[in-house]
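Observations on chain architecture
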Amino acid sequence: MEKLGLASNFFNEVGNVPVIWDSFKDIVSHWLVVDTGSTDGTQEKLLQVVGDRLTLVESDMIQTEGYGYSRTKLIELSEGMDWVLIFDGDERMYSYDVALLKSIINTHYDCDLIWLPRYPIHKKSQNEIAFDLTSIEFKYNPDYQPRLIRRTMINGKSKVQFKNLVHEQLEGIEKDFKDIANQVILHFKYLSNIERKIRITKLCADLWEKEGHDMSYKEACEKNGWDYYVK
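This text gives an overview of the structure that appears in the document. (Residues numbered from 1 in each chain as written. Predicted model: local features only at pLDDT ≥ 70, side-chain atom pairs only at ≥ 80, totals over all residues. Heavy atoms only, no water.)

Our focus in this paragraph is the overall build of the chain. Counting secondary structure elements, the chain contains eight helices and 13 strands. Expected size for 231 residues packed as a compact globule is a radius of gyration near 17 Å; at 17 Å, the chain falls within 12% of this value. Relative to its 231 residues, the chain shows a buried fraction of 48%. In the chain, 77% of the contacts between residues at least 6 apart in sequence involve partners at least 24 apart. Surface exposure of the chain reaches about 12000 Å², of which carbon and sulfur atoms provide 48%. Between the mean site of the 29 positive side-chain charges and the mean site of the 37 negative ones, the chain shows a separation of 1 Å. (Helix = DSSP H or I, 4+ residues; strand = E, 2+ residues; numbered from the N terminus. Rg over C-alpha atoms; globule rule 2.2 N^0.38 Å. Buried < 20%, exposed > 50% of the residue type's maximum accessible area, 1.4 Å probe, protein only. Contact = heavy atoms within 4.5 Å. Areas by Shrake-Rupley, 256 points an atom, 1.4 Å probe, with all protein chains shown as cover. Lys, Arg positive; Asp, Glu negative; His and termini not counted. Charge placed at Lys NZ, Arg CZ, Asp CG, Glu CD.)

Looking now at the layout of surface pockets. A probe as big as a water molecule, rolled over the atoms, marks out the empty space that is left. The space that makes up the largest pocket amounts to roughly 1400 Å³. Looking at the largest pocket, it is lined by 44 residues, and the ones nearest its centre are Asp88, Arg118, His167, His187 and Ile200. Only β1 (4–10), α3 (61–65), α4 (67–77), β6 (113–121), β7 (143–150), β11 (169–171), α7 (194–211) and α8 (217–224) provide two or more residues apiece to the lining of the largest pocket. Examining the composition of the lining of the largest pocket, we find that seven residues originate from one element, α7, more than from any other. Of the residues contributing to the lining of the largest pocket, the split by class is 18 nonpolar, 12 polar and 14 charged. (1 Å grid on protein atoms, 1.4 Å probe; cavity = no way out; pocket = protein on both sides within 12 Å on 5 of 7 lines; lining within 4 Å. Points joined across faces, edges and corners; volume = space filled by probe spheres on them. Nonpolar A, V, L, I, M, F, W, Y, C, P; charged D, E, K, R; others polar.)

Moving on to the pairing of strand β3 (residues 54–58). The sheet contact formed by strand β2 (residues 30–35) and β3 spans five bridges and is parallel. Within β3, the position partnered with Trp31 by the bridge is Leu54. (Pairing = 2+ DSSP bridges.)

So, on to the packing of helix α1 (residues 17–24) against helix α2 (residues 42–50). At a minimum axis distance of 10 Å, the contact between α1 and α2 shows a crossing angle of 30 degrees. Judged on the interaxial angle alone, α2 and α1 are roughly parallel. Crossing angle aside, the handedness with which α1 passes α2 is right-handed. Contact residues: Val17, Pro18 and Trp21 in α1; Thr42, Lys45, Leu46, Val49 and Val50 in α2. Here the residues of the contact of α1 with α2 are counted per class, giving six nonpolar, one polar and one charged. (Axes fitted to C-alpha atoms, helices over the stretch in contact; angles between N-to-C directions. Parallel < 35°, antiparallel > 145°, perpendicular 65-115°, else oblique. Left-handed = near helix turned anticlockwise from the far one by under 90°.)

With that out of the way, let us pick up the nonpolar core. In terms of nonpolar packing, the biggest core is built from 27 residues, with Phe24, Trp31, Leu85, Leu101 and Leu148 touching the most fellow members. Looking at this core, the elements that each hand over two or more residues are β1, α1, β2, α2, β4 (83–86), α6 (101–107) and β6. Sort the elements by how many residues they give to this core and α1 lands first, with four residues. Each residue touching Leu148, except ones within four places of it in the same chain, is listed here: Leu4, Trp83, Val84, Leu85, Leu101, Ile104, Ile105, Asp112, Leu113 and Ile114. The next biggest cluster of nonpolar side chains, apart from the first, holds 14 residues, and it includes Leu74, Ile86, Trp115 and Val160. (Core = buried A, V, L, I, M, F, W, Y, C linked by side-chain atoms within 4.5 Å.)

On to the pattern of salt bridges, then. Within this structure, the stated rule accounts for 12 salt bridges. The salt bridge partner of Glu91 is Arg118, with a shortest N-O separation of 3.0 Å. With Glu91 in strand β5 (residues 91–92) and Arg118 in strand β6, this residue pair connects regions lying 27 residues apart in the sequence. Residue class for Arg118 comes out buried when judged on its relative accessible area of 14%. With its nearest N and O atoms 2.8 Å apart, the salt bridge here joins Arg147 to Glu91. (Salt bridge = Lys/Arg side-chain N within 4 Å of Asp/Glu carboxyl O.)

Geometry only, nothing functional implied.
Here it is in structure tokens:
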């Protein structure tokens, strides 16, 4: 049986820790979290909720090395796992999709990557606190995310490599699988407050400039429809 590990880059995700772990604890063997200096008790909550199935690494690698490097390190640091599911704090998955994760990796065991369709979920009302997964209407086409990755190590490095500082590019993929019926990731954008969104925008803008693009990050966001938040 293939061993599946959960892996995340976190910053101030204390409220999301129990929900995510409750969703995946019966299907994954381990949770690797690289925390970039949370100040809201995220690390303490992880240790309390996950216990000895947690590997917690504190690092500012996203700020210094970018998103591509950080995604790759999630794979490399997930020791003992055959597959790694990369999952963000503001994302959720239906319970029946979670239950089928082992089935899809066993079926497509010879793939390097399984793409998962992700749908953006927007806040329904200003007063809404909780979300109801049964009442979601899919009004958008999904963007396919490279999140379910076979952990193959070559000379101490992951075969699958995420490149670029901001919007990652992939290398090392010989065979992959993409289907609209694959397990769905639900992206609840409103779980991130405006201060967090501004912080991420500034970080992406700095990394974008570091990469040396011809256009500014703001111009790229306008052209591609990416989120851009400022004070």
